[in-house]
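Coordinate inspection notes
Given next are the chains, with one letter for each unit.
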Amino acid sequence: MGQCPVSNNIRKLRFEHNEMTQQQLAEKVGVTRQTIVAIEKEKYAPSLELAFRIARTFKQPLEEVFTYHPPG
Amino acid sequence: MALFTLLLFAIYYKLVLDFYAKGTYTTTEEFQFWGLAILLVIPGLFEVRRFLYFIYSALYSLITQRREDDFMTGTALQDEYNRLIKAKALRNFYHAFMGSFVLAMGVLSWGGSPLIMFNILLFGVLIAHITYHLSEFYYLRKGV
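Summary of the structure given here. Note that this is a predicted model, so its numbers are computed, not measured.

**Thoughts on the overall build of chain A**
Secondary structure summary: chain A contains five helices and two strands in total. A compact globule built from 72 residues would reach a C-alpha radius of gyration of about 11 Å, and chain A, at 12 Å, matches this within 12%. Once the C-alpha set of chain A is aligned to its principal axes, its extents read approximately 35 × 25 × 20 Å. Within chain A, residue pairs in contact and separated by at least 24 positions form 59% of the contacts whose partners lie at least 6 positions apart.

This is how it looks when you write it as structure tokens:
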């Protein structure tokens, strides 16, 4: 698998939101904890819908949570 | 999971060979026999896998007093990451099975017996299932 082109601040944001657990975030956005783990470790770039749901959970604009790094 | 599939297949294959050895078949009956043997093994291995996950899930809940995450069980929540992994694993399953199918047809066209052809197909199903399990494991570890 290549390097994921989307990085994120989810771990930091969870910490800033009363140390929210991965399980709690997963339940809020309607996915499994493993999916949150994969996104945090940048092994998986979430769909646009899930990215918006995560950003909305943290009350942040999308660009504050996710950053796109074009290849090359 | 792949090891369990192997074990289960070995038991199943032994049963199939025993049944095959007991009977005397006309060509049509032989085709029916092997056709049924292959038809049973494809859903059979998937169903056993689901059953195993169910047992695992129940044991996990019992021991940890927590609900299992149901990530790969296919019994509850199916999110986008899970679905993508399953789709890629299924694609690999399909490629492995098609490879064995082409090989089986090749053997048949070179004058191999139907017995060899059906055995290649049966083992093709096994290899495809193992490919499926290993793919799931790989994509879970490495990401998609």
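**Quick notes on the overall build of chain B**
Within chain B, the regular secondary structure consists of four helices and zero strands. In chain B, the order of α-helices and β-strands from amino to carboxyl end is α-α-α-α. In terms of overall dimensions, chain B has a C-alpha envelope of 55 × 30 × 20 Å along the principal axes. Looking at the 144 residues of chain B, the share that counts as buried comes to 22%. A separation threshold of at least 6 residues defines the contact pool for chain B, and within that pool the share at least 24 residues apart is 65%.

**Overview of the nonpolar core**
Counting 35 residues, the largest nonpolar core has V29, V31 and I54 of chain A together with L121, L122 and V125 of chain B as its most contacted members. Only helix 2 (22–29), helix 3 (33–40) and helix 4 (48–57) of chain A together with helix 1 (2–22), helix 2 (27–64), helix 3 (80–109) and helix 4 (114–142) of chain B provide two or more residues apiece to this core. Looking at which element gives the most residues to this core, the answer is helix 4 of chain B, with nine residues. If we ignore the near neighbours within four places in the chain, the residues touching L121 of chain B are I38, S100, F101 and A104 of chain B.

**Some words on the packing of helix 2 of chain A against helix 4 of chain A**
All names here are of chain A. Two elements in contact, helix 2 and helix 4, have axes separated by 9 Å at closest approach and are oriented at 115 degrees. Read as a crossing pair, helix 2 and helix 4 show a hand that is right-handed. Along the contact surface, helix 2 presents L25, K28 and V29, while helix 4 presents L50, R53, I54 and T57.

**Describing unusual backbone geometry**
Peptide bonds are, in most cases, trans, and in most cases residues other than glycine have a negative phi. Residue and element names in this part refer to chain A. Positive phi values are uncommon outside glycine, yet N18 reaches one of about 55 degrees. One non-glycine residue, E42, lies in the positive phi region at around 60 degrees. Classification of E42 by C-beta neighbours within 10 Å gives partly exposed; the count is 16.

**Brief notes about helix 2 of chain B**
Residues and elements named next belong to chain B. Here helix 2 spans 55 Å end to end across 38 residues, near enough to the 56 Å set by a 1.5 Å rise per residue. By the largest-angle criterion, G44 marks the main kink of helix 2, which is about 25 degrees. Listing the buried residues of helix 2 in full gives W34, A37, V41, L45 and R49.

Definitions and cut-offs
- Residues numbered from 1 in each chain as written.
- Chains lettered and ligands numbered in written order.
- Predicted model: local features only at pLDDT ≥ 70, side-chain atom pairs only at ≥ 80, totals over all residues.
- Helix = DSSP H or I, 4+ residues; strand = E, 2+ residues; numbered from the N terminus.
- Rg over C-alpha atoms; globule rule 2.2 N^0.38 Å.
- Contact = placed C-beta atoms within 7 Å.
- Buried ≥ 20, exposed ≤ 12 C-beta atoms within 10 Å, placed from the backbone.
- Core = buried A, V, L, I, M, F, W, Y, C linked by C-beta atoms within 7 Å.
- Axes fitted to C-alpha atoms, helices over the stretch in contact; angles between N-to-C directions.
- Left-handed = near helix turned anticlockwise from the far one by under 90°.
- Expected span 1.5 Å × (residues − 1).
- Bend = angle between axes of the 7 residues up to and from the residue.

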